[in-house]
Amino acid sequence: MKKIFALIFIFSCAVSSFSQSHQINQWVVVGVRGSFNSTWLLNQNQLNDKGLKYKASWGGSGGIMVGAHYSQWGAVFVEGLYSTHSQKMSSAIDSINWSGRTDLTYYELPILLRFEPSEFKYIEAGIKISTLANAKGTSTLLNYSNQGVKNNFEKSNLALVFGWGSAMWGDGGGLVNLGIRLTYGLSDIISKNGGRGNDYYA
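Residues numbered from 1 in each chain as written. Predicted model: local features only at pLDDT ≥ 70, side-chain atom pairs only at ≥ 80, totals over all residues. Heavy atoms only, no water.

Engineer: How should I be thinking about the side chain of Thr105 in this particular structure?
Structural biologist: Within the fold, Thr105 resides in strand β6 (residues 99-115). Using a relative accessible area of 14% as the deciding quantity, one classes Thr105 as buried. Those residues in contact with Thr105, other than ones at most four positions away along the chain, are Tyr82, Ser83, Thr84, Thr131, Leu132, Ala133 and Asn134. (Helix = DSSP H or I, 4+ residues; strand = E, 2+ residues; numbered from the N terminus. Buried < 20%, exposed > 50% of the residue type's maximum accessible area, 1.4 Å probe, protein only. Contact = heavy atoms within 4.5 Å.)

Engineer: For this particular structure, what's the right way to read unusual backbone geometry?
Structural biologist: Glycine aside, a negative phi is what most residues show, and trans is what most peptide bonds show. The backbone phi angle of Asn143 is positive, close to 60°, even though this residue is not glycine. Positive phi values are uncommon outside glycine, yet Asn146 reaches one of about 50°. You can see Asn146 is positioned in strand β8 (residues 144-148). Judged by its relative accessible area of 49%, Asn146 is partly exposed.

Engineer: Looking at this structure, I do not really get the nonpolar core. What am I missing?
Structural biologist: One recurring pattern in soluble globular proteins: nonpolar side chains tend to sit buried together. The biggest cluster of nonpolar side chains holds eight residues, and these are Leu104, Tyr106, Leu132, Ala135, Val149, Phe153, Ile189 and Ile190. Elements supplying a minimum of two residues to this core: β6 and β7 (121-139). Those residues in contact with Leu132 that sit more than four places away from it in its chain are Leu104, Thr105, Tyr106, Lys150, Phe153, Glu154 and Lys155. Of all hydrophobic cores here, the second largest spans seven residues; its members include Met65, Ala75, Phe77 and Val161. (Core = buried A, V, L, I, M, F, W, Y, C linked by side-chain atoms within 4.5 Å.)

Engineer: Quick question: what am I supposed to make of the pattern of salt bridges here?
Structural biologist: Any two side chains of opposite charge can pair, so long as their charged atoms come close to each other. Counted according to the given criterion, the structure contains six salt bridges. When the shortest N-O distance is used, the salt bridge between Arg33 and Glu79 registers 2.7 Å. Here Arg33 is found in strand β2 (residues 27-43), whereas its partner Glu79 is found in strand β5 (residues 74-91), with 46 residues between them in sequence. Since its relative accessible area comes to 5%, Arg33 is described here as buried. The closest approach of N and O atoms between Glu124 and Arg114, which form a salt bridge, is 3.6 Å. Of the two residues, Glu124 is situated in strand β7 and Arg114 in strand β6; the sequence distance between them amounts to 10 residues. Taken together, the shared-partner salt bridges connect Arg33, Glu79, Arg114, Glu124 and Arg181 into one network. (Salt bridge = Lys/Arg side-chain N within 4 Å of Asp/Glu carboxyl O.)

Engineer: Looking at this structure, how should I read the packing of aromatic side chains?
Structural biologist: Under the defined criterion, the tally for this structure stands at five aromatic pairs. Plain terms: the ring middles of Trp73 and Phe115 are 6.3 Å apart, the flat faces sit at 10° to each other, and that makes the pair stacked. With a gap of 42 residues between them, Trp73 in the loop between β4 (57-69) and β5 and Phe115 in strand β6 connect regions that are remote in the sequence. Judged by centre distance (5.8 Å) and plane angle (50°), the ring pair of Phe162 and Trp164 falls under tilted. For Phe162, a relative accessible area of 41% gives the class partly exposed. For the cation-ring pair, Arg114 lies above Phe77, with the distance from its terminal atom to the ring centre recorded as 4.2 Å. The ring centre of Tyr122 lies 3.9 Å from the NZ or CZ of Arg114, which sits over that ring. (Phe/Tyr/Trp six-rings, centres within 6.5 Å; stacked < 30°, edge-to-face > 60°. Lys NZ or Arg CZ within 6 Å of the ring centre and 35° of its normal.)

Engineer: What should I look at first to understand the side chain of Ser139 in this one?
Structural biologist: With respect to the helices, strands and loops of the structure, Ser139 is situated in strand β7. Look past the residues within four positions of Ser139 in its chain and what remains in contact with it is Ser99, Gly100 and Tyr144.

Engineer: Is there a simple way to think about the environment of Gly60 in this case?
Structural biologist: Structurally, Gly60 is set in strand β4. By relative accessible area, which is 17% here, Gly60 ends up buried. Along the chain, Gly60 and Ser35 lie 25 residues apart, while their C-alpha atoms are 5.3 Å from each other. If sequence neighbours within four positions are ignored, Gly60 has contacts with Ser35, Phe36, Asn37, Tyr82, Ser83 and Thr84.

As structure tokens, this is what we get:
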């Protein structure tokens, strides 16, 4: 079983569009978003394998966002992102030297409730729907490099999202935000073709 865990550092730029209802604290925000991720594709069947070592891996994302503020302190945000997730592995046994890597790219749709307890600071929570765009694998043990492995992964998955942040620059008309976001995959991203349900899958 593999699930995606990610620690995401978020950078976003947004412009507010004030409608006639701004007097009752309702407005729309449109912007761009980018991120730098620490990603972990963890296979629970392998976690007790002392011959395998997970290594720190990185990814990123970019895209657009639209937010509808229904009050001064709350909003609903929808984002459209193109994201990369990676996981490096290596041998933990000195006598056996090998390394491997999995690289996944996704089209992602986060749907988030955002709460703003104080001016220009926020807390967000919601779900993220991801559709697999591509998957490649490398293994020196099995002697292949950048091989297409898309059939080994599910076409889509669902994750929980929680984050927080604040404005670095700007005012109510235009903002540059910096934040941290945590995601936890709810579903197994390995397909039956990739070995889902097997006692052990590398």
